[in-house]
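Listed here are the chains, written in short residue letters.
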Number of protein chains: 2
Amino acid sequence: MAKDLFSNLDLNLLRTFIILHQERNMRKASERLFVSQPAISKALQRLRDHFGDELFVKTHHGLRATEYANQLAESISPILDELSSTLNESNEFNPQELDGVIKIALSPFLLSAIANSLFQAIRTEAPNVQSAIIKLV
Amino acid sequence: MAKDLFSNLDLNLLRTFIILHQERNMRKASERLFVSQPAISKALQRLRDHFGDELFVKTHHGLRATEYANQLAESISPILDELSSTLNESNEFNPQELDGVIKIALSPFLLSAIANSLFQAIRTEAPNVQSAIIKLV
DNA sequence: AGATGTTACGGAGACCGTAATTATG
DNA sequence: CATAATTACGGTCTCCGTAACATCT
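Rules behind the numbers
Residues numbered from 1 in each chain as written. Chains lettered and ligands numbered in written order. Predicted model: local features only at pLDDT ≥ 70, side-chain atom pairs only at ≥ 80, totals over all residues. Heavy atoms only, no water. Helix = DSSP H or I, 4+ residues; strand = E, 2+ residues; numbered from the N terminus. Expected span 1.5 Å × (residues − 1). Buried < 20%, exposed > 50% of the residue type's maximum accessible area, 1.4 Å probe, protein only. Contact = heavy atoms within 4.5 Å. Buried area = accessible area lost by both parts, 1.4 Å probe. Salt bridge = Lys/Arg side-chain N within 4 Å of Asp/Glu carboxyl O. Near = heavy atom within 4 Å. Polar contact = N/O pair within 3.5 Å; in protein donor to acceptor, adjacent residues only side chain to side chain. 1 Å grid on protein atoms, 1.4 Å probe; cavity = no way out; pocket = protein on both sides within 12 Å on 5 of 7 lines; lining within 4 Å. Points joined across faces, edges and corners; volume = space filled by probe spheres on them. Nonpolar A, V, L, I, M, F, W, Y, C, P; charged D, E, K, R; others polar.

What follows covers helix α3 (residues 37-51) of chain A. Structural remark: α-helix, 3.6 residues per turn; residues separated by three or four positions point the same way. In a regular helix each residue adds 1.5 Å, so 15 residues correspond to 21 Å; α3 of chain A covers 21 Å between its end C-alpha atoms and thus fits that length. Residues of α3 of chain A that are buried: Ile 40, Ser 41, Ala 43, Leu 44, Leu 47, His 50 and Phe 51 of chain A. Considering only its buried residues, α3 of chain A is in contact with α1 (12-23), α2 (26-33), β1 (56-58) and α4 (67-89) of chain A together with α4 (67-89) of chain B. Backbone geometry just after α3 of chain A places Gly 52 of chain A at a positive phi near 65 degrees.

Next comes the structure, spelled out in structure tokens:
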């Protein structure tokens, strides 16, 4: 293969690329990214150079995405979204750090079936939780 | 929320993080990333600062990953892998560039159901393909 | 001593912002 | 003319590498 499009890439440029693909306008993109508009232009030049494609061509109202850019955006945008949520959620739920009281709504039928194992699991995973109140619905 | 762990992150650091998690040794990581070993140390400091966790603690033979680091690696490593393959493969399959003859194996039952639309699709997406031979199985 | 990670320090380069320029309607 | 992108240019700030230090077996 010619060269690795991943290893040699400044990953931060992908953020700019995605925003640019959403906005199709450098000024708007620059506002969303809190940088100047020429900074976006330079970033796009780097992206073009890296991928060997124009990616976005100048038009009347702003930019038009090339087919390559569309495919690229379509494939990497969900990945970046997933990365974003993973980074932000990974830390937010740690049962070990839970304490106080938690309340769970449950139907009587389910309750009789799983209440015991549920209590066990909570006691194990979140030892600092004082008690769990189960509300019937 | 306190702060966004994605937006404010230098994504390139994640590459260092993954390698570091694989090697558990700054010297080896530095070799794989073609940088000096102190550069890795600094990068790790930035990672620690960003995530608010030690991530790797010094030991006799190198480094030991914290639980946080393990969870982080476990969750983001497949995402980065996917990003890597996507970037490198996205360009490799372009139906427009296909030519010659393609062969497709298909059961008679399926054949009768989709043969027509299949031919149509191929003709449209890959106009340079001369013919498609469908082999019954 | 030999391996490790950390700190200090100086320099090179990347990146940005302001301003001027070009292109396009 | 108005809006948008590109280029020029100067400055800063990040990041790296060399070297010195610290720690551990």
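With that settled, consider the interface of chain B and chain A. Taken together, the contact between chain B and chain A spans 27 residues of the former and 27 residues of the latter. Interface area, chain B with chain A, both sides summed: about 2600 Å², of which 65% is carbon and sulfur. A per-residue breakdown of the area chain B buries against chain A is headed by Phe 6, Arg 15 and Leu 87 of chain B, which together make up 26% of the total. Here chain B is connected to chain A by zero salt bridges. Of all the elements in the fold, those that place two or more residues in the side of chain B that touches chain A are α1 (12-23) and α4 of chain B.

For Gln 45 of chain A, the position within the fold is in helix α3. For the pair formed by Gln 45 of chain A and Phe 17 of chain A, sequence separation is 28 residues and the distance between their alpha carbons is 11 Å.

This paragraph deals with the protein's contact with DNA strand C. The local shell around DNA strand C holds 19 residues, among which Ser 36 of chain A together with Met 26, Arg 27, Gln 37 and Arg 48 of chain B are the closest. In the interface set of DNA strand C, defined as its atoms within 4 Å of the protein, sugar plus phosphate atoms amount to 75%. Within the side chain of Asp 10 of chain A, a nitrogen or oxygen atom sits 3.5 Å from a phosphate oxygen of DNA strand C. Taking Gln 45 of chain B, its side chain carries an N or O atom lying 3.0 Å from a phosphate oxygen of DNA strand C. Those elements that place two or more of their residues in the surface near DNA strand C are α3 of chain A together with α2 (26-32) and α3 (37-51) of chain B.

Take the layout of surface pockets next. Put simply, the largest pocket is a space of about 560 Å³. Lining the largest pocket are 22 residues, and of these Ser 7 of chain A together with Arg 15, Thr 16, Ile 19 and Leu 33 of chain B sit closest to its centre. Within the residue set of the lining of the largest pocket, elements represented by two or more residues are α1, α3 and α4 of chain B. When residues in the lining of the largest pocket are grouped by element, the largest group, seven residues, is from α1 of chain B. Of the residues assigned to the lining of the largest pocket, the class counts are eleven nonpolar, six polar and five charged. Considering only enclosed or pocket space, the second largest pocket measures out at about 340 Å³ in volume. Lining the second largest pocket are 15 residues, and of these Arg 15, Thr 16, Leu 33 and Val 35 of chain A together with Ser 7 of chain B sit closest to its centre.

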